[in-house]
Amino acid sequence: MSLPCNPEGLRRLFLAVWPADAECRQLAELAANVAGRRRVRDANLHLTLVFLDATDAERLAAYETALAGLMVPTLVLILDRYGYWPRSRILWLGCSETPPALVDLVADLHRRLRGCGFSPEQRAFQAHVTLARNFPGPAPKQAPTASVHWPIEEVALVESLQGETGSYYRVVRSWPAGCSGG
Ligand code: ATP
Ligand code: MG
């Protein structure tokens, strides 16, 4: 099925860990508690692994080929700390200890995508779920009352679209954890 794209035929894409319903509910509850009306809408909660930005059809086909057989490890993310980035005014939830397997997964994605001409970000990967945008800060001093234990189920290739009330996302395809997908 073809998806809508902008007049130049470019899609704004990213690779992310997508929450299942149970984790989405926990993330949404935390977001509502700490950020109220500034919270990210429930359906938008995710953890970005690689931001691909504006992508044409040819490049997308190359990415899909490069990602064939991607091995997504079975791992549990433990999201147990808040953070705040003042420049982007983003409140986020992250991990005190990022699982090495997640760091390896991002490195594998970069290695595969580099062969298609993609330039990965220079700054180190920081696993986080954005809970609120345009947040005045600072982050709550206390850690979350209950950390979110998130057994990752899939990595998704996601398209970011503009709706009347802001960005929304559409999963283009996904690779389940624990098996090497085609
Ligand atoms: P909006 O930009 O409308 O506030 P958004 O940031 O969620 O919403 P996108 O900008 O399309 O939507 O971003 C999609 C995902 O990619 C988000 O997780 C976002 O944090 C991440 N992202 C966006 N721009 C970058 C960037 N320049 N570098 C790294 N990650 C990015
Ligand atoms: Mg953005």
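Residues numbered from 1 in each chain as written. Chains lettered and ligands numbered in written order. Predicted model: local features only at pLDDT ≥ 70, side-chain atom pairs only at ≥ 80, totals over all residues. Heavy atoms only, no water.

1. Some points on the site of ligand 1
Surveying the vicinity of ligand 1 reveals the residues Arg12, Phe14, His46, Thr48, Phe51, Glu121, Arg123, Arg133, Ser160, Gln162, Ser167 and Tyr169. Contact distances for ligand 1 include 2.7 Å between an oxygen atom and a side-chain N or O atom of Arg12. Ser167 has a polar side-chain atom sitting 2.5 Å from an oxygen atom of ligand 1. Of all the cavities here, the one that holds ligand 1 is the largest pocket. Listed by contribution, the elements that provide at least two residues to the shell around ligand 1 are β1 (11-17), β2 (47-55), β8 (154-163) and β9 (166-176). Across the shell around ligand 1, the residue classes tally to three nonpolar, five polar and four charged. (Near = heavy atom within 4 Å. Polar contact = N/O pair within 3.5 Å; in protein donor to acceptor, adjacent residues only side chain to side chain. 1 Å grid on protein atoms, 1.4 Å probe; cavity = no way out; pocket = protein on both sides within 12 Å on 5 of 7 lines; lining within 4 Å. Sits in = over half its atoms within 2 Å of the grid points. Helix = DSSP H or I, 4+ residues; strand = E, 2+ residues; numbered from the N terminus. Nonpolar A, V, L, I, M, F, W, Y, C, P; charged D, E, K, R; others polar.)

2. Things to note about helix α3 (residues 100-114)
End to end, α3 covers 21 Å across 15 residues, agreeing with the expected 21 Å (1.5 Å per residue, within 8%). For α3, every residue scored as buried is listed here: Leu102, Leu105, Val106, Asp108, Leu109, His110, Arg112 and Leu113. As for α3, its buried residues are in contact with β1, β2, α2 (57-66), β3 (76-79) and β8. (Expected span 1.5 Å × (residues − 1). Buried < 20%, exposed > 50% of the residue type's maximum accessible area, 1.4 Å probe, protein only. Contact = heavy atoms within 4.5 Å.)

3. Focus: the side chain of Arg112
Topologically, Arg112 is positioned in helix α3. The exposure class assigned to Arg112 is buried, which follows from its relative accessible area of 18%. Contacts of Arg112, omitting those with residues within four sequence positions, involve Ala66, Leu67, Ala68, Gly69, Leu70 and Met71.

4. With respect to the pattern of salt bridges
This model, assessed by the stated rule, comprises six salt bridges. A salt bridge links Arg12 to Asp53, with the nearest nitrogen and oxygen atoms 3.8 Å apart. One end of the pair, Arg12, is in strand β1; the other, Asp53, is in strand β2, with 41 residues separating them in the sequence. One salt bridge connects Arg112 with Asp108, and the closest N-O pair in it is separated by 3.3 Å. A residue pair is termed a helical-turn pair when its members lie 3 or 4 positions apart in one helix, as Arg112 and Asp108 do in helix α3 at four residues. (Salt bridge = Lys/Arg side-chain N within 4 Å of Asp/Glu carboxyl O.)

5. Some thoughts on the UniProt feature "domain: Phosphoesterase HXTX" (unreviewed entry) in the protein chain
Within this structure's numbering, the places UniProt gives as "domain: Phosphoesterase HXTX" (unreviewed entry) are residues 23-92 and 96-143. Segment residues 23-92 splits into 33% helix and 30% strand. End C-alpha atoms: 15 Å apart. Helix and strand shares over residues 96-143 are 31% and 10% respectively, and the end C-alpha atoms of the span are 10 Å apart. (UniProt positions renumbered as here; feature names shortened; annotations may be inferred.)

6. Observations regarding the pairing of β3
Here β3 shows a buried face lined by Leu77 and Leu79 and an unburied face lined by Val76 and Ile78. In the sheet, β3 pairs with strand β7 (residues 148-151) via four bridges, with the strands oriented antiparallel. When the sheet's bridge partners are listed, Leu77 is paired in β7 with Trp150. (Pairing = 2+ DSSP bridges.)

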